[in-house]
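Here's the letter readout for the chains.
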Amino acid sequence: MDMMGKIGRRTLLTGAAALAAAPRAHAAGQVVVGTWGGDYAALLAENIDKPLLAPKGIEVVQDVAPQDPRKAKLTAERASRRGTMDVACLSDVDSASMSLLNVWEPVTAEAVPNLPHVLPALRTPYSIPHIYSGLVILYNPDKIKTPPKSYTDFWDPKYKGRVGFVDILYLYNIAAAALAHGGSMNNFEPGKPALRDLKRLEPKIYPSNEAMATALKAEEVWMTPMWLARGVFWRKGGVNVAHAVPSEGATPYISAAAVPKNAQNKANGMAYLNAMLDPRAQVAFAERMSYAPTVDNAPVPAELMQQIGFTPEQQANFKNPDYDYMAKNTSQLNDFWNRDFKS
């Protein structure tokens, strides 16, 4: 979801062109990685494909596409004995929804030796978390002198007309409202009347993360729920924002990766997952994309971790998505957001 808003528009076409131009190769040393393009694909090549896989004799072919076509391909191929991807990169929510279709090979420490270093709060039996951030409160420290402590601060009348939301994050916006009013990650219902009530304070809604950055820079908005990595990125770009981890707990966003059950090079797929968790690659992504490492042994500089990371206490208070609940309720929550809150 959010990550793809952060990734640049450049497209890495080499892998996709190779797939289109030639029949699927069956070399033991190949792994086909279905992933996003732009900066993310370039960073995979620079920090995983070339330095970690190439020395093992494994050729990486990137199958670059947006996330929805990748999900469609996995769905269409799940009954086939021979899939076209050995690794598929998806958001945590989408990798979870695909797990309901039983498309993933289980991930074990035997196949992925770096797995024991994954932070416990981010583990699943079917995927590895590559990089992550968390939903926090971004705010303008010149306009809000006392850092916000809770999502309930959005309902403070003194911020009338200065609270903003990004439209595409509607599920997480409703979750934040629910957490602030007695709900949970498997019960967003308390968020609905709370958001109806918030309308009297004239919150602003923006279509994209980029539009929100512009609004924050222009001081149209003073406070918004947003991924911490995005806030760090914007601050580097000159937007005056600080962040506060809400007392309700931050909700993680994870860029995940998994191996399909019908992968043709399954062992190499697992080797790729292991390389994604390698401390060297984790540090590189932290430095370049401002996403926190998902392992406990990545030597990220302390100053950087203070900007992009979460303390052990904050990790223990994470409000992890209930993927089954979100999958079952996305449609009705989207209807509420569009027809009720936005209208």
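Placed above this text is the structure.
A.B. asks: Could you give an account of helix α14 (residues 323–341), naming the residues involved and the relevant values?
C.D. replies: The terminal C-alpha atoms of α14 lie 23 Å apart, and with 19 residues this falls more than 12% below the ideal 27 Å at 1.5 Å per residue. Taken as a whole, α14 has its buried residues at Tyr325, Met326, Asn329, Leu333, Phe336, Trp337 and Phe341. Buried residues belonging to α14 abut α5 (92–99), β5 (164–166), α6 (170–180), α7 (191–198) and β6 (204–206).

A.B. asks: Account for the packing of aromatic side chains, naming residues and giving values.
C.D. replies: What describes a pair of aromatic rings is the distance from one ring centre to the other and the angle between the planes of the rings. What the rule picks out here adds up to 14 aromatic pairs. Each ring, one from Phe154 and one from Trp155, has its centre 6.4 Å from the other, and the planes form 40 degrees; the classification is tilted. The residues Phe154 and Trp155 share a single accessibility class, namely buried. Directly above the aromatic system of Trp36 lies the positively charged group of Arg70, at a separation of 5.1 Å from the ring centroid.

A.B. asks: Outline the environment of Asp340, listing residues and values.
C.D. replies: For Asp340, the location among the structural elements is in helix α14. The sequence separation of Asp340 and Val32 amounts to 308 residues, and the corresponding C-alpha distance is 43 Å. Each residue touching Asp340, except ones within four places of it in the same chain, is listed here: Arg196, Lys199 and Asp335. A polar side-chain atom of Asp340 sits 2.7 Å from a polar atom in the side chain of Arg196.

A.B. asks: Could you give an account of the side chain of Asn274, with specific residues and numbers?
C.D. replies: Its place among the elements puts Asn274 in helix α10 (residues 266–276). A polar contact is formed between the side chain of Asn274 and the backbone nitrogen of Asn114, at a distance of 2.7 Å. Discounting residues that sit within four places of it in the chain, Asn274 has contacts with Val112, Pro113 and Asn114.

A.B. asks: How would you summarise the packing of α7 against α14 if you had to cite specific residues and measurements?
C.D. replies: At their nearest, the axes of α7 and α14 sit 11 Å apart, and the two run at 20 degrees to each other. Here α7 is positioned roughly parallel relative to α14, judged by the angle of their axes. When you trace α7 past α14, the crossing you get is right-handed. Of α14, the residues touching α7 (which contributes Lys192, Leu195 and Arg196) are Gln332, Leu333, Phe336, Trp337, Asp340 and Phe341. Split by residue class, the contact of α7 with α14 holds five nonpolar, one polar and three charged.

A.B. asks: Help me get a handle on the side chain of Ser127, residues and values and all.
C.D. replies: Relative to the helices and strands, Ser127 resides in the loop between α5 and β4 (128–139). Setting aside chain neighbours within four positions, we find Ser127 in contact with Ser95, Val107, Ala256, Ala257 and Ala258.

Cut-offs used in this document
- Residues numbered from 1 in each chain as written.
- Predicted model: local features only at pLDDT ≥ 70, side-chain atom pairs only at ≥ 80, totals over all residues.
- Heavy atoms only, no water.
- Helix = DSSP H or I, 4+ residues; strand = E, 2+ residues; numbered from the N terminus.
- Expected span 1.5 Å × (residues − 1).
- Buried < 20%, exposed > 50% of the residue type's maximum accessible area, 1.4 Å probe, protein only.
- Contact = heavy atoms within 4.5 Å.
- Phe/Tyr/Trp six-rings, centres within 6.5 Å; stacked < 30°, edge-to-face > 60°.
- Lys NZ or Arg CZ within 6 Å of the ring centre and 35° of its normal.
- Polar contact = N/O pair within 3.5 Å; in protein donor to acceptor, adjacent residues only side chain to side chain.
- Axes fitted to C-alpha atoms, helices over the stretch in contact; angles between N-to-C directions.
- Parallel < 35°, antiparallel > 145°, perpendicular 65-115°, else oblique.
- Left-handed = near helix turned anticlockwise from the far one by under 90°.
- Nonpolar A, V, L, I, M, F, W, Y, C, P; charged D, E, K, R; others polar.

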